[in-house]
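If you want the building blocks of each chain, they are given just below.
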Amino acid sequence: MPELQKLKEALKRLNGANLIIENKKGEILVGRATYGKKQFILPGGAIERGEKPVHAAVSEAEEETGIIVQEKNTKLLGVYLQKISGVESATGFVFLYRTKIYKGELKETDELSELQFMSIEEIIDRYISKEFSLGYVRMIIHHCLIKENLLHFGFEKRLGDAALYQHKGSMV
């Protein structure tokens, strides 16, 4: 791929927003990506030029899962710096939101299949078996740490920063 085309593709992924949708049991909505490594991911996507990150998070979630969330029912958990693969000096931001208030029925799309609510234990088990990417697991662990009052809302981290969480007697 020519360098200019690589740069254009990378710029489309420069800034993103993800949404943790949590059910009454505390499980988190995830889906298997139909592209790339086909791992489980959180709903979300790229922030379009001029778009608010929260709007990107809720609109991408609806587009990918059929679940409808109002912006006013979300909370910003944190902002992450991410390296953009394919472009040596590019850095982007990922905004992570959460909600427990939603409506609609799960609907698989051409972007996400196998939509389901998973417990943190199942997510970590699936990460260990290489079904989740590390970046998404780190965001989910940070969400769990916030719920346990071990991390505060509004943090800033790099997706490459370690996120420790105890799982079945081991730190992951």
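Quick note: structure is the one above.
Once a new chain begins, its residue numbering starts again from 1 and follows that chain's sequence as written. Whole-chain, interface and lining totals are the exception, using all residues; otherwise, since this is a predicted model, local features are given only for residues with pLDDT of at least 70 and side-chain atom pairs are given and counted only at 80 or more. Based on all heavy atoms of the structure, the side-chain values leave hydrogens and waters out of the count.

Draft legend 1. Quick look at the overall build of the chain. Scanning the chain for helices and strands turns up 4 helices and 10 strands. Ordering the α and β elements of the chain from the N terminus gives α-β-β-β-β-α-β-β-β-α-α-β-β-β. In this description, contact between two residues means that some pair of their heavy atoms is separated by no more than 4.5 Å. Looking at the chain alone, contacts between residues at least 24 apart form 65% of all its contacts between residues at least 6 apart. Of the roughly 9,800 Å² of accessible surface on the chain, 52% is carried by carbon and sulfur atoms. For the purposes of this entry, the term helix denotes a DSSP run of H or I that reaches at least four residues, the term strand denotes a run of E that reaches at least two, and both are numbered from the N terminus. Accessibility throughout is a Shrake-Rupley quantity obtained with a 1.4 Å probe, and a residue counts as covered only by protein chains that appear here.

Draft legend 2. Representation of the packing of helix 3 (residues 120–128) against helix 4 (residues 134–147) in the model. Axes, fitted as lines to C-alpha atoms, cover a helix only where it is in contact. Angles between the N-to-C directions of the axes lie from 0 to 180 degrees. Here helix 3 crosses helix 4 at 155 degrees, and the two axes come no closer than 11 Å. In terms of axis orientation, helix 3 runs roughly antiparallel to helix 4. Judged by the sense of rotation from one axis to the other, the crossing of helix 3 with helix 4 is left-handed. Residues Ile-120, Ile-123 and Tyr-127 of helix 3 touch helix 4, and the partners they reach there are Leu-134, Val-137, Ile-140 and Cys-144. Broken down by class, the residue content of the contact of helix 3 with helix 4 amounts to 7 nonpolar, no polar and no charged. An angle counts as roughly parallel when it lies under 35 degrees, as roughly antiparallel when it exceeds 145, as roughly perpendicular when it falls between 65 and 115, and as oblique in every other case. Note on convention: near helix rotated counterclockwise from far helix by under a right angle means a left-handed crossing. Clockwise means right-handed. Classification used: nonpolar for Ala, Val, Leu, Ile, Met, Phe, Trp, Tyr, Cys and Pro, charged for Asp, Glu, Lys and Arg, polar for all others including Gly.

Draft legend 3. Region of interest: helix 3. A simple rule labels every residue: compare its accessible area, found with a 1.4 Å probe on the protein chains alone, to the largest value its type can have, and call it buried under 20%, exposed over 50%, or partly exposed in between. Turning to helix 3, its buried residues number three or more, namely Ile-120, Ile-123, Ile-124 and Arg-126. Seen end-on, helix 3 carries its buried residues on one side only, within an arc spanning 160 degrees. Downstream of helix 3 by a residue or two, Lys-130 has a phi angle that is positive, lying close to 70 degrees. Summarising the geometry, the arc corresponds to the directions from the helix axis toward the C-beta atoms.

Draft legend 4. Layout of the nonpolar core. Buried residues of nine kinds, namely Ala, Val, Leu, Ile, Met, Phe, Trp, Tyr and Cys, make up a nonpolar core once their side-chain atoms join them within 4.5 Å. Within the largest apolar cluster, 27 residues are counted, with the highest numbers of intra-cluster contacts made by Leu-42 and Phe-132. Those elements that provide at least two residues to this core are strand 2 (28–33), strand 3 (40–41), strand 5 (75–83), strand 6 (91–99), strand 7 (112–118), helix 3 and helix 4. Setting aside chain neighbours within four positions, we find Leu-42 in contact with Asn-18, Leu-19, Ile-20, Ile-28, Leu-29, Val-30, Leu-96, Tyr-136, Met-139 and Ile-140.

Draft legend 5. Here's a closer look at the pattern of salt bridges. In the sections that follow, a salt bridge refers to a side-chain nitrogen of Lys or Arg positioned within 4 Å of a carboxyl oxygen of Asp or Glu. Taken as a whole and judged by the stated rule, the model has 6 salt bridges. Arg-32 is paired through a salt bridge with Glu-131; the nearest N and O atoms lie 2.6 Å apart. With Arg-32 in strand 2 and Glu-131 in the loop between helix 3 and helix 4, this pair connects stretches of sequence that are 99 residues apart. Judged by its relative accessible area of 16%, Arg-32 falls in the buried class. For the salt bridge of Glu-122 with Arg-126, the shortest nitrogen-to-oxygen distance reads 3.0 Å. One end of the pair, Glu-122, and the other, Arg-126, are both in helix 3, 4 residues apart, so they sit about a helical turn from each other. Given the relative accessible area of 28%, Glu-122 is considered partly exposed. Linked by salt bridges that have partners in common, Arg-32, Glu-114, Glu-122, Arg-126 and Glu-131 make up one network.

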